[in-house]
Structures are given as structure tokens and as C-alpha cells.
Amino acid sequence: MKRVIVACGSGVATSQTVASKVKRILSEKKISAEVEAVDIKSLDHLIKNCDVYVAITKPKKAYGIPTLNGIAFLTGMGMDAEIEKLIAALK
């Protein structure tokens, strides 16, 4: 199964909100994927098994997988473009 990871500073508030929205969007599009919210400190360890990274903060390095702008999922600004990237990465 494909896996999406959403990371913010604490892995609680913002990443949980975005992860819930991503799960809903994928469900509506009938795309099966596991979506997990994590804290930024766990990212290096957990990202090795992921297909897509949704970043709440600006990534400090490249991870070799599609990296999406998580703020777009919070604000709605630019969200359609990020959804297209998400779907393309998971197909």
C-alpha cells in the first residue's frame, strides 16, 4: 500500500489536520493509501518507507520522493495543484 507522511513540529495539531484532509481527499478520489501525521524529529527515520511527503514547514533537504506544500491544504490556496501532485504520485 502507498504511504503518505505529513510532518509538523510536534506531530499533533497541524499535521493531524492536514493528514485528515489528505485522507478525506484520497477517499473521495478512491485512492488507497496510508496517511500518517508525525513530528519533524521522526521524519528522517520514517520517510524511508513513504511514497509522498506533505511538508508543513519548508523542507531543509531533499528526500528523493514527491514533497508537497502542506500549507496549501490548510489555507486552500494552491491546494488544487498539490492535490494533482498527490494523485500523480500515488498512481
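For the structure, see preceding data.
Rules used in this analysis
Residues numbered from 1 in each chain as written. Predicted model: local features only at pLDDT ≥ 70, side-chain atom pairs only at ≥ 80, totals over all residues. Heavy atoms only, no water. Core = buried A, V, L, I, M, F, W, Y, C linked by side-chain atoms within 4.5 Å. Buried < 20%, exposed > 50% of the residue type's maximum accessible area, 1.4 Å probe, protein only. Helix = DSSP H or I, 4+ residues; strand = E, 2+ residues; numbered from the N terminus. Pairing = 2+ DSSP bridges. Axes fitted to C-alpha atoms, helices over the stretch in contact; angles between N-to-C directions. Contact = heavy atoms within 4.5 Å. Salt bridge = Lys/Arg side-chain N within 4 Å of Asp/Glu carboxyl O.

K.L.:
Which residues make up the nonpolar core, and what values do they have?
P.N.:
Side chains that are nonpolar tend, in soluble globular proteins, to be buried together. Counting residues in each nonpolar core, the largest one holds 22 residues, and the members touching the most others are Val 4, Val 22, Leu 26, Val 54, Phe 73, Leu 86 and Leu 90. Among the elements of the structure, β1 (2-8), α1 (13-28), β2 (33-39), β3 (52-55) and α4 (79-90) are those that each provide at least two residues to this core.

K.L.:
Any details on the sheet that holds β1? Residues and values, ideally.
P.N.:
Pairing within the open sheet is parallel, and its four strands lie in the order β2-β1-β3-β4. Edge positions in the sheet fall to β2 and β4 (67-69), since each of these pairs with one other strand and no more. If you compare each strand with its neighbour and ignore which way they point, the axes differ by 25 degrees on average. Two strands pair when backbone bridges link them, and β3 and β4 are joined in this way by three bridges, in the parallel orientation. From the neighbouring strand, Ala 55 faces β4, where its bridge partner is Asn 69. Contacting β1, β2 and β3, α1 crosses the sheet at an angle of about 170 degrees to β2.

K.L.:
Outline the pattern of salt bridges, listing residues and values.
P.N.:
This structure, assessed with the given rule, holds five salt bridges. The residue Glu 36 makes a salt bridge to Arg 3 at a minimum N-O spacing of 2.1 Å. In this pair, Glu 36 is assigned in strand β2 and Arg 3 in strand β1, connecting sequence segments 33 residues apart. Judged by relative accessible area, which is 26%, Glu 36 ranks as partly exposed. The buried category is assigned to Arg 3, whose relative accessible area is 13%.

That is the geometry; function is a separate question.
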